[in-house]
Amino acid sequence: MSHWTYHNPVAVHFGAGVLETLPKLLAGRKASIVTFPEAEHVGLLARLKGLVGDGLVGIVDTTQPNPDVDGLDAMYRAFWREQAASEVIVAVGGGSALDTAKALMVGTESGEFDALLALLATGKPFKPQRVKTLIAVPTTSGTGSEVTAWATIWHRAAGKKHSLHLPETWAEAAVVDPELTLSLPPGPTLAAGLDALSHSLESIWNVNANPVSDQHAVTAARMVLATLPALMNDLGNIDLRSRMSLAAMTAGLAFSNTRTALAHSISYDMTMHHGLPHGIACSFTLGMVLGRAIGASAGRDAVLARVFDVPLAQAPAELDRFLETLGVSTRFESYGVTAAESERMIANALEGVRGKNFIGAAGGAMLNPGVTA
Ligand SMILES: NC(=O)c1ccc[n+]([C@@H]2O[C@H](COP(=O)([O-])OP(=O)(O)OC[C@H]3O[C@@H](n4cnc5c(N)ncnc54)[C@H](O)[C@@H]3O)[C@@H](O)[C@H]2O)c1
Ligand SMILES: [Fe+2]
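These notes cover the structure that comes with them. Worth saying up front: this structure is predicted, and the values here are computed from it rather than measured.

On to the side chain of threonine 108. Considering the arrangement of structural elements, one finds threonine 108 in the loop between β5 (106-107) and α5 (113-121). Non-local contacts of threonine 108, meaning those with residues more than four positions away in its chain, are made with Tyr76, Ala115, Leu116, Gln129 and Arg130.

Looking now at a nonpolar patch on the surface. The grouping of Val12, Phe14 and Leu246 at the surface amounts to a nonpolar patch, some 200 Å² of accessible area in total. Tracing the chain through its elements places valine 12 in strand β1 (residues 11-14).

In this section: the site of ligand 1. The local shell around ligand 1 holds 24 residues, among which Asn66, Gly95, Ser96, Thr139 and Thr140 are the closest. At 2.7 Å from an oxygen atom of ligand 1 is found a main-chain nitrogen or oxygen belonging to glycine 95. With respect to ligand 1, the side chain of threonine 140 contributes an N or O atom lying 2.7 Å from an oxygen atom. Relative to its free-state accessible area of 860 Å², ligand 1 is covered by the protein chains to the extent of 90%. Elements with a contribution of two residues or more to the shell around ligand 1: α4 (95-105), β8 (150-155) and α6 (186-204).

Counted under the stated rule, the structure contains seven aromatic pairs. Seen from their ring centres, tyrosine 76 and tryptophan 80 are 6.4 Å apart, and the 45 degrees between their planes marks the pair as tilted. Residue tyrosine 76 and its partner tryptophan 80 are both found in helix α3 (residues 69-82); the two are separated by four residues, about one turn of the helix. Like tyrosine 76, the residue tryptophan 80 is buried in the burial classification.

Within helix α11 (residues 286-293), the full set of buried residues consists of Leu286, Gly287, Val289, Leu290 and Ala293. Seen end-on, α11 carries its buried residues on one side only, within an arc spanning 165 degrees. Where α11 is buried, its residues meet α6, α9 (262-274), α12 (298-305) and α13 (315-325). Following α11 by one or two positions, glycine 295 has its phi on the positive side, about 95 degrees.

The sheet built from six strands is open, its strands ordered β1-β10-β7-β4-β2-β3 with parallel pairing. The open sheet has two edge strands, β1 and β3 (56-60), and neither has a second partner. Pairs of neighbouring strands in the sheet enclose a mean axial angle of 15 degrees, with direction left out of account. Direction of pairing for strand β2 (residues 31-35) relative to β3: parallel, over a ladder of four bridges. Across the sheet, residue isoleucine 33 finds its bridge partner in β3, namely isoleucine 59. Of the strands in this sheet, β2, β3, β4 (88-93) and β7 (133-138) touch α4, which is tilted by about 160 degrees from β4.

Calculation rules
- Residues numbered from 1 in each chain as written.
- Chains lettered and ligands numbered in written order.
- Predicted model: local features only at pLDDT ≥ 70, side-chain atom pairs only at ≥ 80, totals over all residues.
- Heavy atoms only, no water.
- Helix = DSSP H or I, 4+ residues; strand = E, 2+ residues; numbered from the N terminus.
- Contact = heavy atoms within 4.5 Å.
- Patch = residues over 30% accessible without salt bridge, like charges linked within 9 Å, V, L, I, M, F, W, Y side chains within 5 Å.
- Areas by Shrake-Rupley, 256 points an atom, 1.4 Å probe, with all protein chains shown as cover.
- Salt bridge = Lys/Arg side-chain N within 4 Å of Asp/Glu carboxyl O.
- Near = heavy atom within 4 Å.
- Polar contact = N/O pair within 3.5 Å; in protein donor to acceptor, adjacent residues only side chain to side chain.
- Phe/Tyr/Trp six-rings, centres within 6.5 Å; stacked < 30°, edge-to-face > 60°.
- Buried < 20%, exposed > 50% of the residue type's maximum accessible area, 1.4 Å probe, protein only.
- Arc of directions from axis to C-beta.
- Pairing = 2+ DSSP bridges.
- Axes fitted to C-alpha atoms, helices over the stretch in contact; angles between N-to-C directions.

Okay, here's the thing in structure tokens:
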């Protein structure tokens with residue numbers, strides 16, 4: 001077997017009610033809360049203030065879905081001007097709030113977001129001038145952002161997206177409390193759940209896969225396939241919510257080491273130009289991408305076969321059926337994209353950074369060719 005490395009430094013605290021351990025995790029440190037606007041309405045903000053207690057330096061509760069350079073600019077300046085004294089950011093929300101917190105935690109010398117954007121635009125790693133510690137508390141079960149170092153920062157006006165990824169942007173701790181997802185409405189619950197499925201599969205048909213990421217990915221994908229349809233019919237069921245929180249976090253452990261691949265590469269176009277929520281944009285093509293992945297590598301086929309209860313050759317149609325049954329069309333035409341446009345979009349996506357991680361891409365040879373487990 002070839003050499004490989006798996007690394008994830010995040011301490012995971014999991015279970016219904018585990019949010020109550022926050023004071024112990026903060027251990028007297030000064031903290032800022034970064035959360036989503038509805039947190040006040042669902043009673044979460046008041047609870048968080050109580051848990052952070054006297055160490056509370058400030059609150060940012062104006063995070064927006066799919067954080068964009070436009071909104072981040074003023075938020076970042078205000079954060080570094082008014083809350084520089086905090087040692088820890090307690091980020092509470094979906095992937096959008098967690099990714100916003102990751103952008104805020106990386107401080108530039110000037111305290112201006114422009115300076116961070118200029119560093120991101122180089123696409124190269126850099127050493128932040130100052131940095132806060134992150135405690136990540138997901139309130140959706142999907143992105144796995146609590147156990148990854150990535151943050152997606154959109155720049156719609158420029159038609160771009162940036163990926164922030166530094167050794168400093170891993171959370172110190174992930175506090176995964178499924179009770180916090182009970183207030184999540186059906187649409188975001190479905191989108192988030194499918195994002196987790198996409199993360200699992202994308203880390204298997206990925207040139208960076210290794211036996212540990214595979215193990216997490218197979219477990220997570222099977223859990224989503226078995227749980228999400230039941231959850232959509234019973235959103236108040238804490239057992240099903242817990243299973244989805246575990247699946248999403250486990251999928252995060254998988255793709256934290258592999259990154260994503262073709263389905264996510266296609267999704268960026270679908271979100272930017274066709275307004276699809278991230279979880280739908282990165283999942284409606286999963287059957288099609290699976291069809292392209294099968295046969296690229298016998299070792300990858302063996303791992304993919306462990307995800308499905310039908311023979312692998314039937315799995316793309318089975319995946320399409322799973323999505324359609326949940327009300328997600330698997331056809332580009334349903335989202336206003338013609339067949340010719342979709343072919344162009346897929347070709348472009350294969351050339352993108354994430355597309356090149358796909359085993360079915362030209363030159364997409366396994367970095368760990370001996371890995372079959
Ligand atoms: N960093 C990563 O590894 C990673 C991975 C995948 C996706 N993402 C990013 O995550 C974002 C999507 O995140 P998401 O799917 O978690 O959705 P989200 O964070 O955008 O949340 C969806 C909506 O639900 C609200 N909300 C969140 N939790 C709630 C709760 N418990 N109760 C009521 N309302 C709640 C939010 O305010 C928002 O309006 C995208 O921007 C995507 O690019 C990041
Ligand atoms: Fe995703």
